[in-house]
Amino acid sequence: MSKLTTMYEFLKKQDEEVFQAIEGEEKRQAEGLELIPSENYVSRAVKEAMASSLTNKYSEGYPGKRYYGGQEFTDQVERLAQDRAKKLFGAAFANVQPLGGANANIGAYFGLLEPGDTVLGMDLSHGGHLTHGHPVTYISKIFNFVRYGMKDVATGEIDYDALAETAKREKPKVVLGGFSAYPRELDWKKISDIAHSVGAVAMADVAHIAGLIAGGSQKNPFDYGFDVMTTTTHKTLRGPRGGMILVRDSEEIAKKIDKAIFPGLQGGPHMHQIAAKAVAFGEAFRPSFKDYAKQVVENAAAMAEVFQEHGVRMITGGTSNHLILADVFGSLGIPGGEAEKLLDEAGITLNKNAIADDTRKPMDPSGIRFGTPAITTRGFTEEDCREVTRLMLKVLKTKDASAARTKIKALAEKHPIPESFA
Ligand code: DSN
């Protein structure tokens, strides 16, 4: 019996169609290289927790204060996840129930704001996120979102003077630091000082970099005065799909956020995911996770170097974290969507992405966004990453995916997806 058939023994017997789709995805992940900077591979232990009988249980409420009986073990699991999260990020309070990053952000807004209140966040076209108030979201109809952005796209420096002026003028209740497509570190101290100078709560959305913070490769906003931090758990943090809200020290804020998540926004928490979050947080305490976080950043720097050598324009001029945003249309004459498709054919998955002040449409932008969290989990070194980048450039310059397919498959074979981390 193949390894997959052993893992999915009952599924294969009972539902061949679903089994086949999962089998296809497992193969795709094994044979290709995952460069989407928000993706990663979880350990088998995390998967086992996700597949546990905890999925059968309703547990509305919080540990010790549930609406239904039978909560002995769900309480144990949720407390474990909370305690580990608090220790990992230096928080006094943790809500581990958000189903994803969007829920975490919306829950935090509902806890911190009244309808009509203002949030000052990063411009979406400069790296911010949909849930930071894009007009297509419902939250943008409830709260008033105003923006700050980069002063200089070439270096990525944020316009902190404009940020301070806007804060004075708009009187936001929340100043939000965080991004999903920004390759540099924010000056957390400056942002939290500006927030507090106008009486606002300083909230960081660290969804992309939570694992780098936990591993010590990026600064922790709580060390610079931030009050609240939201994150996903499945990106650099290498846990199951989900979200989390951390509060540095204010019990008042923590209580409001707990109420906002339940009963305000969600119903029964997904306890199997919470168990898997606890397992992933446990893994993030290991010394090897520090090495992982460091290697993620070094690998991204190595990829940026190769782009630099070939004269490809990168937004902010390079990277200081796990991701790169490159203007492939401006530099190589190939739109981001076409680049994504060609690289997909070659076995590299990444995403087209709008670049700052993009002249092209959002569905057909100028850029591509890629990063190193997943390939670093597979053990890619800086030299491997340089090789991947050279192959990417070959495909993009020749517009021929076959030019790199065999070498990409060989790199994937050289670095199988691990089942556990030391
Ligand atoms: N989809 C996530 C990302 O790729 O950054 C954020 O929502």
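Residues numbered from 1 in each chain as written. Predicted model: local features only at pLDDT ≥ 70, side-chain atom pairs only at ≥ 80, totals over all residues. Heavy atoms only, no water.

Is there a simple way to explain the environment of V201 in this structure?
Topologically, V201 is positioned in strand β10 (residues 201-205). For the pair V201 and I253, spaced 52 residues apart in sequence, the C-alpha to C-alpha distance is 9.6 Å. Setting aside residues up to four positions removed in sequence, V201 forms contacts with L112, K173, V174, V175, A195, D227, V228 and I253. (Helix = DSSP H or I, 4+ residues; strand = E, 2+ residues; numbered from the N terminus. Contact = heavy atoms within 4.5 Å.)

What exactly am I supposed to notice about the sheet that holds strand β13 (residues 323-327) here?
Backbone hydrogen bonds are what pair the strands of a sheet, in a parallel or an antiparallel way. Spatially, 3 strands are ordered β13-β16-β15 in an open sheet, and the strand pairing comes out antiparallel. On the outer flanks of this sheet lie β13 and β15 (351-353), each paired with one strand and no other. Going across the sheet, the axis of each strand differs from the next one's by a mean of 35°, ignoring polarity. Relative to strand β16 (residues 367-371), β15 runs antiparallel, the two being bridged by 3 bridges. Counted as the bridge partner of K352 is I368 from β16. The sheet contacts of helix α13 (residues 287-309) involve β13 and β16, and relative to β13 the element is tilted by about 15°. (Pairing = 2+ DSSP bridges. Axes fitted to C-alpha atoms, helices over the stretch in contact; angles between N-to-C directions.)

Sorry, what's going on with the layout of surface pockets here?
By rolling a water-sized probe across the atoms, one finds the places where empty space is left. Size it by volume and the largest pocket reaches roughly 1,000 Å³. Contributing to the lining of the largest pocket are 29 residues, with Y8, E26, Q29, V42 and K47 lying nearest its centre. Breaking the lining of the largest pocket down by element, the ones donating at least two residues are α1 (3-7), α3 (16-31) and α4 (44-50). Among the elements that line the lining of the largest pocket, the one with the most residues is α3, at 7 residues. Looking at side-chain class alone, the lining of the largest pocket contains 12 nonpolar, 5 polar and 12 charged residues. A volume near 800 Å³ is recorded for the second largest pocket. (1 Å grid on protein atoms, 1.4 Å probe; cavity = no way out; pocket = protein on both sides within 12 Å on 5 of 7 lines; lining within 4 Å. Points joined across faces, edges and corners; volume = space filled by probe spheres on them. Nonpolar A, V, L, I, M, F, W, Y, C, P; charged D, E, K, R; others polar.)

Honestly, unusual backbone geometry in this entry has me stumped. Any pointers?
Note: most peptide bonds trans; most residues except glycine with negative phi. Across the junction of F262 and P263, the peptide omega takes the value 10°, indicating a cis bond. Checked against the element boundaries, P263 lands in helix α11 (residues 251-265).

Is there a simple way to explain the nonpolar core in this structure?
Soluble globular proteins: nonpolar side chains tend toward being buried together. If you look at the biggest cluster of nonpolar residues, it comprises 63 residues, and the most contacted ones within it are F89, I158, L163, L186, L237 and L246. If we skip the residues at most four places from it in the chain, L237 touches L88, F89, A210, G211, A214, T232, M244, F281, A284 and F289. The next biggest cluster of nonpolar side chains, apart from the first, holds 34 residues, and it includes V306, A346, V388 and L396. (Core = buried A, V, L, I, M, F, W, Y, C linked by side-chain atoms within 4.5 Å. Buried < 20%, exposed > 50% of the residue type's maximum accessible area, 1.4 Å probe, protein only.)

Looking at this structure, I do not really get the site of the ligand. What am I missing?
Near the ligand, the surroundings consist of S38, H129, S180, H208, K235 and R369. Between the ligand and H129, the relevant distance is 2.6 Å, taken from an oxygen atom to a side-chain nitrogen or oxygen of the residue. Bound to the protein, the ligand loses 64% of the 230 Å² it would expose on its own. The cavity where the ligand resides is the second largest pocket. Residues that form the shell around the ligand fall into these classes: no nonpolar, 4 polar and 2 charged. (Near = heavy atom within 4 Å. Polar contact = N/O pair within 3.5 Å; in protein donor to acceptor, adjacent residues only side chain to side chain. Areas by Shrake-Rupley, 256 points an atom, 1.4 Å probe, with all protein chains shown as cover. Sits in = over half its atoms within 2 Å of the grid points.)

Help me understand the packing of helix α6 (residues 101-112) against α11 in this model?
Between two packed helices, both the angle of their axes relative to each other and the distance between the axes serve to describe the pair. It is at 8 Å that the axes of α6 and α11 come closest, and there the two elements cross at 120°. Considering the angle they form, α6 stands oblique to α11. The handedness of the crossing between α6 and α11 comes out as right-handed. From α6, N103, I106, G107, A108, F110, G111 and L112 reach across to α11, where they touch I253, K256, I257, A260, I261 and L265. (Parallel < 35°, antiparallel > 145°, perpendicular 65-115°, else oblique. Left-handed = near helix turned anticlockwise from the far one by under 90°.)

Got a minute to help me understand the packing of helix α5 (residues 72-89) against helix α12 (residues 271-284) in this structure?
Orientation of α5 relative to α12, taken along the N-to-C sense of each, is 35°, at an axis distance of 8 Å. The chirality of how α5 crosses α12 is left-handed. Mapping the contact onto sequence places T74, V77, E78, L80, A81, R84, A85 and L88 in α5 and M271, I274, A275, A278, V279, F281, G282 and A284 in α12. Here the contact of α5 with α12 is built from residues that sort into 12 nonpolar, 2 polar and 2 charged.

For this particular structure, what's the right way to read the environment of T372?
Relative to the assigned elements, T372 resides in the loop between β16 and α16 (373-377). Residue T372 is classed as buried on the basis of its relative accessible area of 0%. For the pair T372 and E39, spaced 333 residues apart in sequence, the C-alpha separation works out to 9.1 Å. In this structure T372 touches V296, N299, A300, M303, H322 and C385, once residues within four positions along its chain are discounted.

I would appreciate a short explanation of the pattern of salt bridges in the present structure.
Where charged atoms from two side chains of opposite charge come close, those side chains can pair. Within this structure, the stated rule accounts for 29 salt bridges. Between K13 and E9 there is a salt bridge; the shortest N-O distance is 3.7 Å. Note that K13 and E9 are positioned in helix α2 (residues 9-14) at a spacing of 4 residues, about one turn of the helix. A salt bridge links K173 to D117; its shortest N-O distance comes to 3.4 Å. Separated by 56 residues along the polypeptide, K173 in the loop between α8 (160-170) and β9 (174-178) and D117 in the loop between α6 and β5 (118-122) bring together distant segments of the chain. Sharing partners across several salt bridges, the network here consists of E305, E383, R386 and R390. (Salt bridge = Lys/Arg side-chain N within 4 Å of Asp/Glu carboxyl O.)

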